[in-house]
Amino acid sequence: MPDITNCRSSGTPLTVVLDLGQQPLGNGFRRPEDDSPEYTFWLRCGYSEESRLFQLIEQPDPAMMFHDDYAFRSSTSGAMRAHFQAHAERVIELGWGSVADPFIVELGCNDGIWLRNFADRGIRHAGIEPAKGPGQAASDIGVRVIPEFFSAELGARLAAEHGPAELIYAANVMCHIPDIRGVAQGVAALLSDDGLLVFEDPYLGDVIRLGSYDQIYDEHVFLFSALSVQSIFEDFGLELVDLESLATHGGSMRYSLGRRGRHQPSDRVASVLEAERAQALDRTATFLAFAERVRNSAAALRTALTEARAEGRSVAAYGATSKSTTIYTCAGITSEHIDYILDNTPNKIGKVSPGAHIPVVAEAEFELRRPDVTFLSAWNHQREILQRHPWYASQGGVWLTHVPDVHVL
Ligand code: TMP
């Protein structure tokens, strides 16, 4: 895809605030014997004070990323399964007032982790999922899947075929879609008059606060704030009606939007917008300072792993995350620093990580191999992972993290 120099939402010029260099695809795990040239792109971020939207300058074609072998499965984490079930049950309990036969649409339903709760209760629904592997997994558990990318055209088509949607939901999907205006247009065409668009994504405010620069990779074309979400959707007659901060993905925000004037916005909308101004998420200088912090963090991680190696210690990483690709490339970390990455995703095991080519092995190997040092690359699942392995630290194992700075846990 061509580089963009103007904001994808407002069209105003972008200032380049962060340069993370040439990077492979975050989810580009490949077979160890595959010696074909690896696709790379220039990972740079731009910001516009006009739209307050933090975004990638270049993004690979979505068809290259969300293809049939797309490796990410939402249901690999028990905490994520519980998170989505709790939210779906809350939505179902609230109901849809006088609407007898509600229609629920999920953009990017992955393996059906959220929508299955509606399918199981016979609620009319559609899951939009262009990646074949996850889409098949969703179909297999009874979710009705439309194997396409959501767009203005698909929004209008669904409205014509099924009527308006009471709820359009997306989790960790909206920030992946470069044509955000097309999506907003599709939502505006599909949403019922009193319907809600609810979406959650990694939150820019948390990334800046935690120094979690690994949230920046090819799939995350945007890191949203409430300020930027407000500015994107207002052109389409939608306004923020509620905000909820979430612990998922190391810090996310759930945005609820409705047609202008149809809902009373909660007090949280004003308070989050105010907090974002206090955090200077509306200032270019904030992102330039963040870039300096990223460079220091990458250098500190490399030093820590180099020292561990010099002391003859074995080193593993926990979690073959897409996010960690950014870290390994920025910090110049390869299989010379990390022996292997532990992961429980069947289609990642036996492959090597993108760029760094560190082998991915089954999570069960952890107790057998007992590495001296383990970099917690899936830091956003820290509680779940540490709870499952209390033996590790108590037997002298060292957990290393980079959030909010490089340190031993
Ligand atoms: P994510 O941060 O994008 O959700 O990716 C987390 C990765 O870590 C994913 O590949 C699954 C893996 N993982 C494990 O191997 N074991 C675990 O206990 C958890 C929570 C995740």
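Predicted, not measured: the structure shown is a model, and the values here were computed from it.

Caption draft 1: Representation of the site of the ligand in the model. If you check the shell around the ligand, you find 20 residues, and the closest are Lys323, Asp343, Asn344, Lys348 and Glu363. The contact in question runs from an oxygen atom of the ligand to an N or O atom on the side chain of Lys323, over 2.6 Å. Within the side chain of His381, an N or O atom sits 2.9 Å from an oxygen atom of the ligand. Protein contacts shield 97% of the accessible area of the ligand, which totals 490 Å² for the unbound molecule. In terms of residues, the shell around the ligand owes the most to one element, helix α13 (residues 382-388), which gives three residues. The residue inventory of the shell around the ligand, partitioned by class, reads five nonpolar, nine polar and six charged.

Caption draft 2: Geometry of the pattern of salt bridges. As enumerated under the stated definition, the model contains 19 salt bridges in all. Between Glu49 and Arg283 there is a salt bridge, and its shortest N-O distance comes to 3.2 Å. Of the two residues, Glu49 sits in the loop between β2 (40-48) and β3 (53-56) while Arg283 sits in the loop between α9 (267-278) and α10 (284-310), which places them 234 residues apart along the sequence. What makes Glu49 partly exposed here is its relative accessible area of 35%. Note that Glu292 is salt-bridged to Arg295, the shortest N-O span being 3.1 Å. Note that Glu292 and Arg295 are positioned in helix α10 at a spacing of three residues, about one turn of the helix. Overlapping salt bridges bring together Arg90, Glu200, Glu244 and Arg254 as one network.

Caption draft 3: Region of the structure containing the sheet that holds strand β10 (residues 238-246). As summarised here, the arrangement of the seven strands in space is β6-β5-β4-β7-β8-β11-β10, forming an open sheet in which the pairing is mixed. Two strands bound the open sheet, and with one partner strand each, they are β6 (145-146) and β10. In the sheet, strand β7 (residues 165-171) pairs with strand β8 (residues 191-202) via six bridges, with the strands oriented parallel. In the strand pairing of β8, Ala171 is matched with Glu200. Packed onto the sheet, helix α6 (residues 180-190) meets β4 (103-107), β7, β8, β10 and β11 (252-259) and runs at close to 145° relative to β8.

Caption draft 4: Focus on the pairing of β3. By the alternation rule, side chains of β3 split into Leu53 and Gln55 and Phe54 and Leu56, which are all buried. Where β2 and β3 come together, four bridges link them in antiparallel fashion. Within β3, the position partnered with Gly46 by the bridge is Gln55. Hairpin connection of β2 to β3: four residues between the antiparallel strands, including Arg52 at a positive phi of 60°. Judged from the two bridges that link them, β3 and strand β9 (residues 222-223) form a sheet pairing that is antiparallel.

Caption draft 5: The arrangement of the side chain of Arg8 in detail. By secondary structure assignment, the location of Arg8 is in the segment before β1 (15-24). At 2.5 Å, the side chain of Arg8 and the backbone oxygen of Leu56 are in polar contact. In this structure Arg8 touches Gln55, Leu56, Ile57, Gln59, Pro178, Ile180, Arg181, Val221 and Phe222, once residues within four positions along its chain are discounted.

Caption draft 6: Representation of unusual backbone geometry within the structure. Note that the residue after Val403, namely Pro404, is joined by a cis bond; omega there is 0°. In this structure, Pro404 sits in the loop between β16 (398-401) and β17 (407-408).

Caption draft 7: Quick look at the packing of aromatic side chains. Per the stated rule, a full pass over the model turns up 16 aromatic pairs. Ring centres of Tyr47 and Phe287 lie 4.4 Å apart, and the angle between their planes is 35°; this geometry places the pair in the tilted category. One end of the pair, Tyr47, is in strand β2; the other, Phe287, is in helix α10, with 240 residues separating them in the sequence. For the pair Tyr47 and Phe287, one class covers both residues: buried. Among the aromatic residues, ring-to-ring pairing joins Phe199, Phe222, Phe224, Phe233 and Tyr255 into one connected group.

Caption draft 8: Representation of the packing of helix α5 (residues 152-162) against α6 in the model. α6 packs onto α5 with a crossing angle of 10° between their chain directions and a minimal axis gap of 7 Å. As summarised for this structure, α5 and α6 are arranged roughly parallel, according to the angle between their axes. Here Ala152, Gly155, Ala156, Leu158 and Ala159 of α5 lie close against α6, whose contacting residues are Gly182, Gln185, Gly186, Ala189 and Leu190. Within the contact of α5 with α6, the residues separate by chemical class into six nonpolar, four polar and no charged.

Caption draft 9: Up close: the environment of Ala331. Take Ala331: it is sitting in helix α11 (residues 323-331). When the C-alpha atoms of Ala331 and Ser297 are compared, they prove to be 8.4 Å apart, with 34 residues separating the residues in sequence. Aside from chain neighbours lying at most four places away, what touches Ala331 is Ala298 and Arg302.

Analysis parameters
- Residues numbered from 1 in each chain as written.
- Predicted model: local features only at pLDDT ≥ 70, side-chain atom pairs only at ≥ 80, totals over all residues.
- Heavy atoms only, no water.
- Near = heavy atom within 4 Å.
- Polar contact = N/O pair within 3.5 Å; in protein donor to acceptor, adjacent residues only side chain to side chain.
- Areas by Shrake-Rupley, 256 points an atom, 1.4 Å probe, with all protein chains shown as cover.
- Helix = DSSP H or I, 4+ residues; strand = E, 2+ residues; numbered from the N terminus.
- Nonpolar A, V, L, I, M, F, W, Y, C, P; charged D, E, K, R; others polar.
- Salt bridge = Lys/Arg side-chain N within 4 Å of Asp/Glu carboxyl O.
- Buried < 20%, exposed > 50% of the residue type's maximum accessible area, 1.4 Å probe, protein only.
- Pairing = 2+ DSSP bridges.
- Contact = heavy atoms within 4.5 Å.
- Axes fitted to C-alpha atoms, helices over the stretch in contact; angles between N-to-C directions.
- Phe/Tyr/Trp six-rings, centres within 6.5 Å; stacked < 30°, edge-to-face > 60°.
- Parallel < 35°, antiparallel > 145°, perpendicular 65-115°, else oblique.

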